[in-house]
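Structural overview
If you want the building blocks of each chain, they are given just below.
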Amino acid sequence: MKRLLSILMIVVLIFSLVACGEKGGEVGENGEKPLKIALLLNGTLGDKSFFDSSNRGLEMAKEKFGDKIEFKPVEMTTDETKWKPTLYDYCDDGSWDVIIAGTWQMVEPLEEVAPKYPDQKFILFDDTMNYDGGAFPNVYSILFKQNEVSFLAGALAARITTSEDMEKVNPADKIIGFLGGTENTTIDDFLIGYIEGAKYIEEDIKVVISFVGNFYDTPKGKDLALAQYQQNGVDIGFNVAGLAGLGQIDAAVDVDKYAIGVDSDQAVIMGEPKANYIPASALKNVDNAILRAVSLELEGKLEYGKNESLGIKEGGVAISDNEYYQKIVPQTIRDEIAELSDKIENGEIKVDTAFGKTPQEIQDIKDSVR
Amino acid sequence: MQSVFNIIFSPDFFYDVLRVTTPILFATLAATVASRSGIFNIALEGIMLIAALVGVIFSAYFSSAWLGLLFALISGGLVGLFLGFLVLKLKTDAILAGIAINLMAAGGTIFLLYIISGDRGVSSSIKSLVLPKFPLPVIKNIPIIGTILSMQNILTYVVLLSVIVIHILLYKTPLGLKIRAVGENPNAAESVGINVHKIQYIAVTISGILAAFGGAFLSMGYLSMFSNGMTAGRGFIGLAADAMGGSTPIGALLVSLLFGIADSMGNVIQTGIKIPYEIVQMLPYITTIVGLAIFSYSKKKQIEKLKSK
């Protein structure tokens with residue numbers, strides 16, 4: 001009996017092995033082989049922000065190109081120990097034409113994995129690799145010019161805080177707020193654009209800057225925002241702190257002030273009644289960027305080994321235009337913001353960036369609006 | 001610099017301190033009750049997170065903030081009881097059981113939120129309610145104290161009352177005496193006929209309910225929503241504050257206030273004084289460590305003094 005069982009076991013094992021081998025072969029035999037894309041998310045879907053947006057980009061591509069592409073979103077969760085192994089798994093599998101990953105946290109895993117699989121193509125969004133000396137010829141990276149959209153957010157905030165026709169502001173003092181998560185180059189890039197945009201409108205504006213220290217402590221985000229609104233006389237703030245930044249919106253509702261959202265349209269996320277306190281959000285259109293990259297890839301024109309920065313011109317970033325923007329912000333200000341957006345698009349205004357700046361230079365810019 | 005001092009010495013600042021202190025003080029009292037009974041309740045963080053979500057869900061379901069709070073407290077009590085079951089009945093190590101509950105809460109709350117609302121980050125699509133803020137009758141007319149104490153969230157008053165209630169419970173009631181006896185020496189307690197496990201079950205349930213108050217406050221008072229990971233270490237701070245306060249309710253109050261002051265001060269200093277924000281953010285923790293060092297040093301001196309007698 002025992003012997004029979006073990007023979008049976010061996011037979012089953014062999015069959016399953018053969019079955020696996022065959023499956024691998026089948027894919028290659030297909031005449032029209034679709035472009036297979038794996039989207040490795042270092043979080044989960046349902047964040048109503050970056051990860052949902054990247055998935056939407058692929059859905060848009062699927063709609064546009066139909067059978068030509070095939071994609072699979074993989075939720076690696078926020079457990080960092082899973083990121084590298086998953087990356088290795090999908091590279092080893094070999095059947096995926098393109099692997100997409102995003103955010104600054106995936107740079108380090110990619111730095112390790114990408115050189116080991118020179119034939120595997122990678123797309124990285126919202127950060128870049130160090131391409132010096134022809135490194136990473138198989139990685140295409142997408143940066144968003146958050147400084148451009150922040151410029152508009154800063155200009156909008158400066159206009160709103162000095163506006164005579166808006167109910168929630170004190171036009172006498174020119175003070176606006178900024179709530180960041182942790183201080184890194186991307187967040188500094190937001191901040192520098194914001195400061196420059198605000199100064200473009202009001203030369204002597206003051207910007208109150210606070211950092212939460214992480215991207216998830218929402219109560220702390222609220223405390224910091226309340227301190228800005230109540231004790232520093234801020235009328236409108238800009239949050240760039242992920243979930244923690246949502247605390248600023250809660251604070252704005254409590255003290256009847258304004259908050260500007262980030263990454264995705266936070267007025268839509270928060271819904272009524274909180275949306276009435278969010279005149280606009282600085283959007284990063286990850287979906288557009290992914291769709292664009294996939295289209296280029298299908299045409300064989302995507303340039304690996306390079307970074308591309310998508311700004312207002314390329315549709316990579318924008319100020320959200322929704323009913324609340326129309327309702328809260330007066331027409332004259334909206335016209336002016338649209339005009340500034342055009343000026344950035346045609347290169348008339350060149351927005352400063354934090355990339356390539358020393359910490360001291362960034363500090364000097366911050367000190368200039370204290 | 002001048003403005004920072006003006007802010008820190010204003011009554012509004014101390015109003016904020018009380019708000020910041022409330023969840024930490026709940027967690028500290030929860031830690032106090034549990035550790036007095038001899039169980040180290042490291043699951044506070046997870047209990048707070050669960051209660052924060054449960055409060056939001058049920059307040060929306062019943063359109064009543066009070067019922068939301070009630071269910072949050074029940075959930076906290078049940079998780080406390082569950083910890084007791086793991087530790088007392090199944091003989092698990094309390095630390096391991098606590099870590100397991102914390103991990104389960106971190107993942108489980110996201111899972112539950114997703115099932116109910118389709119979101120994994122914030123509960124903004126659930127129309128949850130907030131517990132009211134209240135003016136205190138006579139006190140509101142006293143100049144400075146009125147500004148600080150009046151118009152706080154109801155749970156801020158509850159936590160201040162809890163300090164007194166827990167103090168009375170521990171030192172003036174038979175149950176408190178039993179809790180302390182069990183925590184001090186379970187064998188001795190058993191030898192005089194105390195049902196050790198029953199007392200520990202009661203203590204760990206009370207601890208869960210207190211932590212649940214803190215969690216519910218976060219999502220239904222402090223903020224008007226649940227967000228993933230929103231407790232952000234407040235449960236662990238409560239454990240540290242309990243150790244520092246010598247596991248007494250009055251000590252819990254003082255240490256939590258110290259922590260709240262340091263934290264609020266950090267919020268103000270960030271905007272006013274030119275030092276890196278990372279250093280400012282260390283302030284509450286540095287205060288805690290320094291306080292802990294002073295406390296253990298004085299305790300050591302005390303013991304030496306007793307020994308030399």
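Throughout this document, residue positions are counted from 1 along each chain, in the order its sequence is written. For naming, the first written chain is A and the first written ligand is 1, with later ones following in the order written. Whole-chain, interface and lining totals are the exception, using all residues; otherwise, since this is a predicted model, local features are given only for residues with pLDDT of at least 70 and side-chain atom pairs are given and counted only at 80 or more. Note that water and hydrogens are dropped before the side-chain values are worked out from all heavy atoms of the structure.

1. What about the domain arrangement of chain A?
All names here are of chain A. Segmentation of the chain into domains, including their bounds, is taken from an automatic or database domain assignment. Split by domain assignment, chain A resolves into domain 1 (33–144 + 285–316) and domain 2 (146–280 + 320–367). Inter-centroid distance (C-alpha atoms) of domain 1 to domain 2 is 29 Å. Residue contacts follow a heavy-atom distance rule, with two residues in contact if any of their heavy atoms lie within 4.5 Å. Taken together, the 10 residues of domain 1 in the interface contact 11 residues of domain 2. Whenever a carboxyl oxygen of Asp or Glu lies within 4 Å of a side-chain nitrogen of Lys or Arg, that contact is scored as a salt bridge. At the boundary of domain 1 and domain 2, one finds 0 salt bridges. A breakdown of the residues in the side of domain 1 that touches domain 2 according to their chemical character gives 5 nonpolar, 2 polar and 3 charged. For this scheme, ten residues count as nonpolar: Ala, Val, Leu, Ile, Met, Phe, Trp, Tyr, Cys and Pro. Four count as charged, namely Asp, Glu, Lys and Arg, and the remainder, Gly too, count as polar.

2. Describing the sheet that holds strand S6 (residues 175–180) of chain A
To summarise the sheet geometry, strands pair through backbone hydrogen bonds and adopt either a parallel or an antiparallel arrangement. Residue and element names in this part refer to chain A. The 6 strands are arranged S7-S6-S8-S9-S10-S12 in an open sheet whose pairing can be described as mixed. In this open sheet, the two edge strands, each paired with only one partner strand, are strand S7 (206–211) and strand S12 (317–319). Sheet twist, expressed as the mean angle between neighbouring strand axes with direction ignored, is 15°. At least two DSSP bridges between two strands are needed for those strands to be called paired. Each helix corresponds to a stretch of at least 4 residues labelled H or I by DSSP, and each strand to a stretch of at least 2 residues labelled E; elements are numbered beginning at the N terminus. With 3 bridges joining them, strand S10 (residues 281–284) and S12 adopt antiparallel strand pairing. Paired with Ala282 across the two strands is Ile319, which belongs to S12. To obtain an axis, a line is fitted to C-alpha atoms, over the contacting stretch when the element is a helix, and the angle between two such axes runs from 0 to 180 degrees between their N-to-C directions. Packed on one face of the sheet, helix H6 (residues 185–201) meets S6, S7, strand S8 (236–240), strand S9 (258–263) and S10 and runs near 170° to S6. Strands S6, S7, S8 and S9 of the sheet are contacted by helix H7 (residues 218–231), whose axis makes an angle of about 160° with S7.

3. Considering the pairing of strand S3 (residues 98–102) of chain A
Residues and elements named next belong to chain A. Each residue is assigned to one of three classes by its accessible area relative to the maximum for its type, calculated with a 1.4 Å probe on protein chains only: buried under 20%, partly exposed between the two thresholds, exposed over 50%. For S3, the tally of buried residues reaches 5 of 5 residues, placing the bulk of the element in the interior. Neither face of S3 is left uncovered, since the one carrying Val98, Ile100 and Gly102 and the one carrying Ile99 and Ala101 both have all their residues buried. As paired strands, strand S1 (residues 35–41) and S3 are joined by 4 bridges and run parallel to one another. By the bridge assignment for S3, Leu39 is matched with Ile100. For the handedness criterion, the β-α-β arrangement of S3, helix H4 (residues 107–113) and strand S4 (residues 121–125) is classed as right-handed. Handedness rule for crossovers: strands pointing away from the viewer, path from the first strand over the helix to the second running clockwise, crossover right-handed.

4. Some details on unusual backbone geometry
Trans peptide bonds make up most of the peptide bonds, and negative phi angles are found at most residues other than glycine. Residues and elements named next belong to chain A. The omega angle of the peptide bond from Glu272 to Pro273 is -5°, so this bond is cis rather than trans. Phi is positive for Asp126, which is not a glycine, with a value near 70°. Residue position: Asp126 is located in the loop between S4 and strand S5 (139–144). Classification of Asp126 by relative accessible area gives buried; the value is 8%.

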